[in-house]
Amino acid sequence: MKYHFNEIEAKWQKYWASNDTFKAKNNSNKPKFYVLDMFPYPSGAGLHVGHPLGYIASDIYARYKRHKGFNVLHPMGYDSFGLPAEQYAIQTGQHPAKTTETNIATYRRQMDQIGFSFDWSREIRTSNPDYYKHTQWIFSQLFDSYYCKDADQARPISALITIFEKEGNTTVNAVCDEDITSFSAQDWKQFTLIQKQEILLKYRLTFLSDTEVNWCPALGTVLANDEIVNGVSERGGHPVVRKKMKQWSMRITAYAQRLLDGLDTIDWPQSLKDAQTNWIGRSEGAMVHFKIKDSDKSISVFTTRPDTIFGVSFMTLAPEHELVAEITTPENKAAVEKYIKATAKRSERDRMADVKTISGQFTGAYVAHPFTGEAIPIWIGDYVLAGYGTGAVMAVPCGDQRDYDFAKHFAIPIPNIFRDIDISEHACEDKDAVIANSDFLDGMPAKKAIKKMIYELEQKGMGTGKINYRLRDAVFSRQRYWGEPFPVYYKDGMPQIIAKEHLPVLLPEVEKYLPTDDGKPPLGNATKWAWDTVNNEVVDNSQIDDKTIFPLELNTMPGWAGSSWYFNRYMDAHNTDAFASKEALAYWRDVDLYIGGSEHATGHLLYSRFWQKFLFDKGFVPVDEYAKKLINQGMILGTSAFIYRWEYAHEDAAKEKTIFVSKHKMESIIKERASIEKSKRNQVHENLDLAATTDRKSNAKEQWSGFTPIHVNVNMVNASNELDIAAFKNDPIHSAYQDAEFITEADGTFIVGREVEKMSKSKYNVVNPDDICHDYGADTLRMYEMFLGPLEQAKPWNTAGITGVHGFLKKLWKRYIVNDTFSVSDEEPSAEELKILHKTIKKVEEDIANFSFNTSVSTFMIAVNELTALQCNKRAILEPLAVLIEPYAPHLAEELWQQLGHKESIAHVPFPKYEEKYLVESSKVYPISFNGKMRFTMELSLDLSKEAIEKAVMSYEKTQKQLAGRTPKKVIVVPGKIVNIVG
RNA sequence: GCUCGAGUGGUGGAAUUGGUAGACACGUUGGACUUAAAAUCCAAUGGACAGUUAUGUCCGUGCGGGUUCAAGUCCCGCCUCGAGUACCA
């Protein structure tokens, strides 16, 4: 009986599935433990070896917790709405639901073969109506809520209406749009229904507003900033323009402070907390109002340094600032307009990337200094962004380097307001500098001066202390097909929510998935997309009468909608009334361990915290942070392979053909070429040492221009970096290279270049787990992925070491099964054997607690090496060992468990108990150092006193030999650790 | 620029509060078994030098300083690489 891993693994996977081994119960006497993975988007490429890294780690943890007596919830699902399926639908006409289903089947097969202990009975898919029904409902709850700053929580919009009816809005302290105007209870009563709705929309936690968005005409959709790379769309690389559009937004800014505060209560990686903290970008300062000369308007600016106000020598507005056109004087009009036009052409990314160019334009207008009354010129400059703060800056050139550079460039005065500080070279951004030339602030350090200034500003009514956040409200509309439809219809142009009992509003069928010809989103193609408010159902568009039947919203929700609450759904995945029952939520509460990539730091991981806090405010969930602990797994990188194309131009273009050169050959050519270049610069290329290429030898009329690296599929390259040329030529992807010539090394091999890059389809460096499962088994894959290195570290995939792990499993197998026969003895174990076992238990438990799975694998190897050396085959050792290793190699462990005579699965067997007594040592091999350098070791009893140790060491013959007659100055004895002799 | 990580043999990586640097694997070399190969097993393996051996000496955790009986680990100053972020007022 050999270790037939394929048979064993298939057998146990089937057993687990048919016995519901990993099904979690929603009530239990055991303590609960919830282990969550970030659910994948099921892409067409299938799972690659990078995906399972985090899943293996969480699976080990989940399995370990089951052995430790926990009721473990370890679910999996799919984030199945998304752009790739839609793009594929546009290209092929295949319905995204169909594509998604096919991809999910592949993912499921691949995950099953790795032996994860997921409770598949709770599987969820965000694109299922049963699921997005609740996403729609949460949206409607946000719509029906506003954020009360006094209570510091979300409140029902009905409560706000009650206040409006009684007192108007002047006493309301709520988060709302900037442009809100005051009204009385009397006013409110007189407003029309539409006016009331318009006002309420300015308070709702999800609201419609005209937002400047990144519009991608080719995709027919709006993109988030993080979906744009180098000014073009991340997917497809299409151009993007800025455009105003009516969009749904989420008032996440209402939660800015709570999102910051919450970070202190959760055990997440510091780097991730830092990322969120920076993203939210809290800064304390003041809002200052500068009155425009010869106008009754004023310009507000936010500043973190109100104490430097006496150093203001100009003001800069973003070119997009709403007052620019109004204040510009006739003589500056042409220049200002020209500058605005130039700025508009540059994308926001462009403007931000260019730090060196200083540009700007004077408007001709002035504001009055709030304290001195002095006229301060107003400039516009593209270093000021419309989207941050108020889009205006009070420029203090002596205290800010950018303002300083701007002033220098345009010869604007630079008054110095710091005592004894030289600003002839650069600005002084030191917060400890003492203020001077500043009236009532003279002699104060910044901290004190800031407080004083805010007080003065508030006294004069010229400003207020303010906390500003960088965080912006999140745009929530997408002009896409494959997403959740909004539960919204429009009556008189105002959005109306569809009640819970009529959800879900199902995604309609469409002829094509592109935007309509008149620029409406894809849902504009649907012919049956109107809401009948009498029968509460979707009806044909032709029935729209704007009395009882109205048009439905054409946008769909973004990808992050479904992923912002999915962790709650797993608790009660089949509930049809609610997203989860109160009982289920009360029992599971929150995620105990969440594992996923750090790339979601400012997306999913921020939005989901926001939604959770909202649901908490509404009393729908019991906790306001849903994940107690989070671990980021590092990315598994690919090792790309390159071949090098010889770039040359032949006199006769028809005679040109593609030539690839082996790596070392290429290097010698480049070297040789360089020396030729030296002697005969710019000469026609004379053929180099290319014995194999006779054609080239007779025809020397080629202009050489270097080598271009081309990605080749890593699966065509062996471990020695040799390319399988035939396979390369046969690959349909490379049909263009069928007649290519390959110049090999002297020994006839063709060597590729290697480079570590992100694993991606376009780089042909994707390694999928299927082959490894087939060749070595899932248990080997699991252990090897863990053995690669620390979980949180990024690392290149390299199968070179996999034989070591596989060999280890075979060696382990042989402890139980010798010469094809199960042979475990019931003999009493020796002290030495018990010591090996308990040492291993201790180390493995510590490793799991520290998520140091790579060192656990080493620990197992050491244990098996040592037990092999002792020829140990005793049940008292091997039975617990099987349980120890089960989280890592579950199939093998199940098989051994069965061989050991057990009928039940190993999955819930208690973890072996570590007992200190087996590790107690009576002696220690002390390292004896001289001046810190270890010279020899000496075994001594552990009950010796310090003095006794020193005596024993000093009288030892080797010590005296080392000292060679010298007398030590000092002897350091650390009992149980080390002896160091100084002198 | 800023923030956060990280630099250890030929390679991936160990070293839990400062206490024997290089665990465990890969690779390489030599050997056993075999007609042969695969598989398996055994041995050696940071570098340099000395020695017949036993062994010994020196150097060694990116670089330069420091603290300490003792530093991969702590402190100061650099360099390099990676990730994130950015004219944030």
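Provided above is the structure to which this section pertains.
Residues numbered from 1 in each chain as written. Chains lettered and ligands numbered in written order. Predicted model: local features only at pLDDT ≥ 70, side-chain atom pairs only at ≥ 80, totals over all residues. Heavy atoms only, no water.

**Q** In this structure, what is going on with a nonpolar patch on the surface? I would like to understand it.
**A** Taken together, the side chains of Ile972, Val974 and Ile978 present a nonpolar region at the surface, about 190 Å² in accessible area. Along the polypeptide, isoleucine 972 turns up in strand 36 (residues 970-974). (Patch = residues over 30% accessible without salt bridge, like charges linked within 9 Å, V, L, I, M, F, W, Y side chains within 5 Å. Areas by Shrake-Rupley, 256 points an atom, 1.4 Å probe, with all protein chains shown as cover. Salt bridge = Lys/Arg side-chain N within 4 Å of Asp/Glu carboxyl O. Helix = DSSP H or I, 4+ residues; strand = E, 2+ residues; numbered from the N terminus.)

**Q** When you look at the sheet that holds strand 5 (residues 174-175) in this model, what are you seeing that I'm missing?
**A** Backbone-to-backbone hydrogen bonds join strands into a sheet, with any given pair of strands oriented parallel or antiparallel. Judged by pairing direction, the sheet is antiparallel, and its 3 strands sit side by side in the order 4-3-5 without closing on themselves. Each edge of the sheet is formed by a strand with only one pairing partner; in this case those strands are strand 4 (153-156) and strand 5. The sheet contact formed by strand 3 (residues 145-148) and strand 4 spans 4 bridges and is antiparallel. Opposite cysteine 148, over in strand 4, you have glutamine 153 as the bridge partner. (Pairing = 2+ DSSP bridges.)

**Q** When you look at the pattern of salt bridges in this model, what are you seeing that I'm missing?
**A** Between side chains of opposite charge, pairing is possible as soon as their charged atoms come close. Here the structure, examined in full by the defined rule, presents 35 salt bridges. Among the ionic pairs, lysine 68 bridges to glutamate 845, the shortest N-O distance being 2.9 Å. One end of the pair, lysine 68, is in the loop between helix 2 (51-67) and strand 2 (71-73); the other, glutamate 845, is in helix 26 (residues 831-849), and 777 residues separate them in sequence. Given the relative accessible area of 38%, lysine 68 is considered partly exposed. Under the relative-accessibility criterion, glutamate 845 is labelled buried at 17%. As a salt-bridge pair, lysine 613 and glutamate 625 come within 2.8 Å of each other at their nearest N and O atoms. (Buried < 20%, exposed > 50% of the residue type's maximum accessible area, 1.4 Å probe, protein only.)

**Q** Sorry if this is basic, but what is going on with the sheet that holds strand 23 (residues 549-551) here?
**A** Taken in spatial order, the 3 strands line up as 22-21-23 in an open sheet, and their pairing is antiparallel. The open sheet has two edge strands with one neighbour each: strand 22 (537-539) and strand 23. On average, each strand axis in the sheet is inclined to that of its neighbour by 35°, with strand direction left out of account. Pairing analysis gives 3 bridges linking strand 21 (residues 530-532) to strand 22, with the strands arranged antiparallel. Counterpart to alanine 530 in the pairing with strand 22 is valine 539. (Axes fitted to C-alpha atoms, helices over the stretch in contact; angles between N-to-C directions.)

**Q** I would appreciate a short explanation of helix 15 (residues 446-460) in the present structure.
**A** In an α-helix, one turn spans 3.6 residues; hence positions three or four apart end up facing the same way. Over its 15 residues, helix 15 extends 21 Å from the first C-alpha to the last, a length consistent with the 21 Å expected when each residue adds 1.5 Å. One or two steps after helix 15, the chain reaches glycine 461, where phi turns positive at roughly 70°. (Expected span 1.5 Å × (residues − 1).)

**Q** Sorry if this is basic, but what is going on with the packing of helix 25 (residues 802-816) against helix 28 (residues 875-885) here?
**A** When two helices pack together, their arrangement is given by the angle between the helix axes and by the axis-to-axis distance. Two elements in contact, helix 25 and helix 28, have axes whose closest approach is 11 Å; the angle formed by their N-to-C orientations is 150°. As the angle between them shows, helix 25 and helix 28 are arranged roughly antiparallel. By crossing handedness, the relation of helix 25 to helix 28 is classed as left-handed. Side by side, helix 25 and helix 28 meet where Phe808, Leu812, Arg815 and Tyr816 of the first sit next to Leu878, Leu881, Ala882 and Ile885 of the second. In the contact of helix 25 with helix 28, the residues fall into 7 nonpolar, no polar and 1 charged. (Parallel < 35°, antiparallel > 145°, perpendicular 65-115°, else oblique. Left-handed = near helix turned anticlockwise from the far one by under 90°. Contact = heavy atoms within 4.5 Å. Nonpolar A, V, L, I, M, F, W, Y, C, P; charged D, E, K, R; others polar.)

**Q** Help me out: how do you make sense of the state of the cysteines in this one?
**A** Counted according to the given criterion, the structure contains 0 disulfides. Of the cysteine sulfurs around cysteine 176, a residue in no disulfide, the closest is that of cysteine 148, at 12 Å. (Disulfide = S-S within 2.5 Å.)

**Q** Please explain a positive patch on the surface as it appears in this structure.
**A** Together, Lys2, Lys810, Lys811 and Lys814 make up a positively charged patch on the protein surface. Here lysine 811 lies in helix 25. (Lys, Arg positive; Asp, Glu negative; His and termini not counted. Charge placed at Lys NZ, Arg CZ, Asp CG, Glu CD.)

**Q** What's the story with unusual backbone geometry in this structure? I'm lost.
**A** Cis rather than trans, the peptide bond between leucine 503 and proline 504 has omega equal to 0°. Relative to the helices and strands, proline 504 is located in the loop between strand 20 (494-497) and strand 21. Although it is not a glycine, aspartate 546 sits at a positive phi angle of roughly 55°. For aspartate 546, the position within the fold is in the loop between strand 22 and strand 23. Overall, the relative accessible area of 46% leaves aspartate 546 in the partly exposed class.

**Q** It is not clear to me how the packing of helix 10 (residues 270-280) against helix 19 (residues 604-617) should be interpreted in this structure. Could you clarify?
**A** Where helix 10 meets helix 19, the axes come as close as 11 Å, and the angle between the chain directions of the two elements is 75°. On the basis of the axis angle, helix 10 is roughly perpendicular to helix 19. Residues Leu272, Gln276, Trp279 and Ile280 of helix 10 form the contact with helix 19, whose own contacting residues are Leu605, Leu606 and Arg609. Taken together, the residues of the contact of helix 10 with helix 19 break down into 5 nonpolar, 1 polar and 1 charged.

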